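The chain contents come next:
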Amino acid sequence: MPLLLMAGLALLGLPRAVLHDLQVIHEGAPVTWFLALAPVAVWILVTVRVRSPRPFLTVLVIGLMFGVMLAITHQLLWNFAFAGMPALLEAGPALRLATVPGSLMTGAAIGAIGGLLALALTSLRRHNGGHD
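Chains are numbered independently. Their residues run from 1 in the order of the written sequence. Residue-level local features of this predicted model are given only where pLDDT is at least 70; pairs of side-chain atoms are given and counted only at 80 or more, and the full residue set underlies all totals for whole chains, interfaces and linings. Heavy atoms throughout the structure, all of them, feed into the side-chain values; hydrogens and water do not.

A.B. asks: So what exactly am I meant to see when it comes to the UniProt feature "transmembrane region" (unreviewed entry) in the protein chain here?
C.D. replies: Under the present numbering, the feature "transmembrane region" (unreviewed entry) in UniProt falls on residues 29-48, 55-78 and 98-121. Secondary structure is summarised from DSSP: a helix means a run of H or I of at least four residues, a strand means a run of E of at least two, and numbering begins at the N terminus for each. Along residues 55-78, the helical share is 96% and the strand share 0%, with 34 Å between the first and last C-alpha atoms. In residues 98-121, helix accounts for 96% and strand for 0%; the two terminal C-alpha atoms are 36 Å from one another. UniProt positions are given in the numbering used here, feature names are shortened, and annotations may be inferred rather than shown by experiment.

Structure (structure tokens):
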């Protein structure tokens, strides 16, 4: 799968992060769940549809790209996300930098789980004769 397509797919995950950091949506709301799960479903479906030879790796890389984008988004929206929390707003670079691994791990975990699902679907497709 072309890297540009993979990056585009990773971008599908950003609306939830942006809306959450801007405090437009909140954890547990149905729209939050949809915005979290729908992009991963699209990653999986596109990967299976284009018949990626390595579906696990493909979705894992999309997840890693998403993790990088997530880390950048959180840094850019830090002041909105922590409005009303002076201690966090005034946090130095060390605290802000400390949040980056969490974003990267989130992307990697989502990519790995999605990759396993893509691999399973690809295996089912092959087992069923490759029919759509």
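That covers the picture; the talk isn't over yet.
A.B. asks: I tried to follow the nonpolar core on my own but got confused; where do I start?
C.D. replies: Side chains that are nonpolar tend, in soluble globular proteins, to be buried together. We define a nonpolar core as any set of buried Ala, Val, Leu, Ile, Met, Phe, Trp, Tyr and Cys residues linked to one another through side-chain atoms lying within 4.5 Å. Exposure categories follow from relative accessible area, calculated using a 1.4 Å probe and restricted to protein chains: below 20% of the type maximum is buried, above 50% is exposed, and the middle band is partly exposed. In terms of nonpolar packing, the biggest core is built from 15 residues, with Ala 10, Trp 43, Ile 44, Ile 62, Phe 66 and Ala 118 touching the most fellow members. We call two residues in contact whenever any of their non-hydrogen atoms come within 4.5 Å of each other. Beyond its immediate sequence surroundings of up to four residues, Ala 10 is in contact with Trp 43, Ile 62, Met 65, Phe 66 and Met 69.

A.B. asks: What is the right way to look at the side chain of Ser 52 in this model?
C.D. replies: Within the element layout of this structure, Ser 52 appears in the loop between α3 (30-49) and α4 (55-76). Whenever a nitrogen or oxygen atom comes within 3.5 Å of another N or O atom, the pair is scored as a polar contact, on the condition that within protein one atom can donate a hydrogen and the other can accept it, and that pairs from neighbouring residues in sequence are kept only if both atoms are in side chains. At a separation of 2.6 Å, a polar atom in the side chain of Ser 52 contacts the side chain of Thr 58. Not counting residues up to four positions away in its chain, the partners in contact with Ser 52 are Thr 47, Thr 58 and Arg 126.

A.B. asks: Is there a simple way to think about the packing of helix α2 (residues 14-21) against α4 in this case?
C.D. replies: Packed helices, taken two at a time, are described by the angle between their axes plus the distance between the axes. Lines are fitted to the C-alpha atoms to define the axes, a helix being fitted only along its stretch in contact, and any angle between axes, read from their N-to-C directions, falls within 0 to 180 degrees. Between α2 and α4, whose axes approach to 10 Å, the crossing angle comes to 20 degrees. Judged by the inter-axis angle, α2 sits roughly parallel to α4. At the point where α2 passes α4, the crossing takes the right-handed sense. Between α2 and α4, the contacting residues are Leu 14, Ala 17, Val 18 and Asp 21 on the first element and Phe 66, Met 69, Leu 70, Thr 73 and His 74 on the second. Note on terminology: angles under 35 degrees are roughly parallel, angles over 145 are roughly antiparallel, angles of 65 to 115 are roughly perpendicular, and the others are oblique. Whether a crossing is left-handed or right-handed is set by the direction in which the near helix is turned from the far one by less than a right angle, anticlockwise for left-handed and clockwise for right-handed.

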